[in-house]
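Below are the chains, spelled out letter by letter.
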Number of protein chains: 2
Amino acid sequence: MKNATIQYPIDSNMTNINKQECPILYALQIIGQKWKLPILWYLHEQQTTRYNELKRRIPGITNIMLTKSLRELEEAGLVARHAYETIPPKVEYSLTDVGLNLLPTLNELYKWGETQMKKNK
Amino acid sequence: MKNATIQYPIDSNMTNINKQECPILYALQIIGQKWKLPILWYLHEQQTTRYNELKRRIPGITNIMLTKSLRELEEAGLVARHAYETIPPKVEYSLTDVGLNLLPTLNELYKWGETQMKKNK
DNA sequence: CAGAATCCCTGCGGATACTG
DNA sequence: CAGTATCCGCAGGGATTCTG
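Residues numbered from 1 in each chain as written. Chains lettered and ligands numbered in written order. Predicted model: local features only at pLDDT ≥ 70, side-chain atom pairs only at ≥ 80, totals over all residues. Heavy atoms only, no water.

Q: Before we move on, can you summarise the pattern of salt bridges with the specific residues and values?
A: Residue and element names in this part refer to chain A. Counted according to the given criterion, the structure contains 10 salt bridges over all chains. Across the salt bridge formed by Lys68 and Glu72, the nearest N and O atoms sit 3.3 Å from each other. Residue Lys68 and its partner Glu72 are located together in helix 5 (residues 63-75), separated by 4 residues, close to a single helical turn. Owing to a relative accessible area of 26%, Glu72 belongs among the partly exposed residues under this scheme. A cluster of three or more residues bridged by salt bridges with shared partners is formed by Lys36, Lys68 and Glu72. (Salt bridge = Lys/Arg side-chain N within 4 Å of Asp/Glu carboxyl O. Helix = DSSP H or I, 4+ residues; strand = E, 2+ residues; numbered from the N terminus. Buried < 20%, exposed > 50% of the residue type's maximum accessible area, 1.4 Å probe, protein only.)

Have a look at this one:
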């Protein structure tokens, strides 16, 4: 059996416990919500981006979702926030090394998805 | 810029259109729901599995969710369904090559998640 | 400029019961 | 054994308004 090193712990009711035990579910918890990948993607494209520019670049996202997603990504260590204490305020976001480390994996997922899209079309 | 080959199309309101254009969102659409990965995981571990055994192996899943998830995975081409026309019925599920092709990517995600879990703990 | 507060709604998934 | 049928609750996310 290939990939026999993967462990996939599951508890009786799929609570957070197993999400904190299974690295795949853990990862999906971090990047799986609606706006996380678009945000990571644009931060990757533009290196360092201000709040409002990010908002413009991701059509449809609201302040709430953008702020919430950025905070969660920051807490998970994928995104760095740098606030300049000026008036008006200026806040820049960028990918950390942790965030950058995710990109090759996303690339893998991209290639798999691309192949499937062609097949299913 | 690395990974410059990744395209990430987004439309104005994040509808299905962009989910059908972006391979990453497309992939997440297929494997991102609550029970998809556990199902894929156990099918990988046990090769060919009957409906009720799958249900026993995935604690907490209901018939509805198991059937629904299997149908979607089947439609996406990741899972094969083989029904024996006997009484009582016997239905076996297994991973297709498409499903197997996803495992290396999941392994990548696993390693990334594992690293993050250690850091954030 | 970069958010926070408030209210609201849809739809994913859960619970229970039933069947060819 | 392998599912359907029904009903229901909640949380993720939307729309709008406001502010240091």
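Q: Pulling in residues and values, what's your account of the environment of Glu108 of chain B?
A: Within the fold, Glu108 of chain B resides in helix 6 (residues 97-120). Of the residues examined, Glu108 of chain B reaches a relative accessible area of 27% and is grouped as partly exposed. Those residues within four positions of Glu108 of chain B in sequence are excluded, and the remaining contacts are Thr105 and Glu108 of chain A. (Contact = heavy atoms within 4.5 Å.)

Q: Please provide a residue-by-residue account of the UniProt feature "domain: HTH hxlR-type" (unreviewed entry) in chain A, values included.
A: Per the UniProt record, "domain: HTH hxlR-type" (unreviewed entry) is found at residues 22-121 of chain A. Counted over residues 22-121 of chain A, helix gives 64% and strand 15%. Its end C-alpha atoms are 33 Å apart. (UniProt positions renumbered as here; feature names shortened; annotations may be inferred.)

Q: Requested: an account of unusual backbone geometry, with residues and values cited.
A: All names here are of chain A. With omega at 0°, the peptide bond leading from Ile87 into Pro88 counts as cis. Within the fold, Pro88 resides in the loop between strand 2 (79-84) and strand 3 (90-95). You will see that Gln47, though not glycine, has its phi angle at about 60°, which is positive. Structurally, Gln47 is set in the loop between helix 3 (36-46) and strand 1 (48-50).

Q: Account for the protein's contact with DNA strand C, with residues named and values stated.
A: With respect to spatial proximity, 19 residues lie near DNA strand C, and among them Ile64, Thr67, Arg81 and Tyr93 of chain A together with Lys34 of chain B are the closest. Considering DNA strand C, the proportion of its atoms within 4 Å of the protein that are sugar or phosphate atoms stands at 70%. The contact in question runs from a sugar or linking oxygen of DNA strand C to an N or O atom on the backbone of Pro89 of chain A, over 3.2 Å. The contact in question runs from a phosphate oxygen of DNA strand C to an N or O atom on the side chain of Trp35 of chain B, over 3.2 Å. At the level of elements, helix 4 (51-57), helix 5 and strand 3 of chain A together with helix 5 (63-75) of chain B are the ones that each hand at least two residues to the surface near DNA strand C. Among the elements that make up the surface near DNA strand C, the one with the highest residue count is helix 5 of chain A (4 residues). Partitioned by chemical class, the residues of the surface near DNA strand C number 10 nonpolar, 4 polar and 5 charged. (Near = heavy atom within 4 Å. Polar contact = N/O pair within 3.5 Å; in protein donor to acceptor, adjacent residues only side chain to side chain. Nonpolar A, V, L, I, M, F, W, Y, C, P; charged D, E, K, R; others polar.)

Q: Can you explain the packing of helix 6 (residues 97-120) of chain A against helix 2 (residues 23-31) of chain B? Please cite residues and give values.
A: Taken N-terminus to C-terminus, the directions of helix 6 of chain A and helix 2 of chain B make an angle of 80°; their axes are 7 Å apart at the nearest point. Classified by the angle their axes make, helix 6 of chain A and helix 2 of chain B are roughly perpendicular. On the side of helix 6 of chain A, the interface is formed by Leu106, Leu109, Tyr110, Trp112, Gly113, Glu114, Gln116, Met117 and Asn120 of chain A, while helix 2 of chain B contributes Pro23, Ile24, Tyr26, Ala27, Leu28, Ile30 and Ile31 of chain B. Broken down by class, the residue content of the contact of helix 6 of chain A with helix 2 of chain B amounts to 12 nonpolar, 3 polar and 1 charged. (Axes fitted to C-alpha atoms, helices over the stretch in contact; angles between N-to-C directions. Parallel < 35°, antiparallel > 145°, perpendicular 65-115°, else oblique.)

Q: Quick one: what's the story with the protein's contact with DNA strand D, residue by residue and with numbers?
A: Taken together, 19 residues surround DNA strand D, and among them Lys34 of chain A together with Arg50, Ile64, Arg81 and Tyr93 of chain B come closest. Here the atoms of DNA strand D within 4 Å of the protein split so that 69% fall in sugar or phosphate, with bases taking the remainder. For DNA strand D, a phosphate oxygen lies 2.8 Å from a polar atom in the side chain of Lys34 of chain A. One of the side-chain nitrogen or oxygen atoms of Tyr93 of chain B is found 2.6 Å away from a phosphate oxygen of DNA strand D. Looking at the surface near DNA strand D element by element, the count peaks at 4 residues for helix 5 of chain B. Among the residues making up the surface near DNA strand D, the classes are represented as 10 nonpolar, 4 polar and 5 charged.

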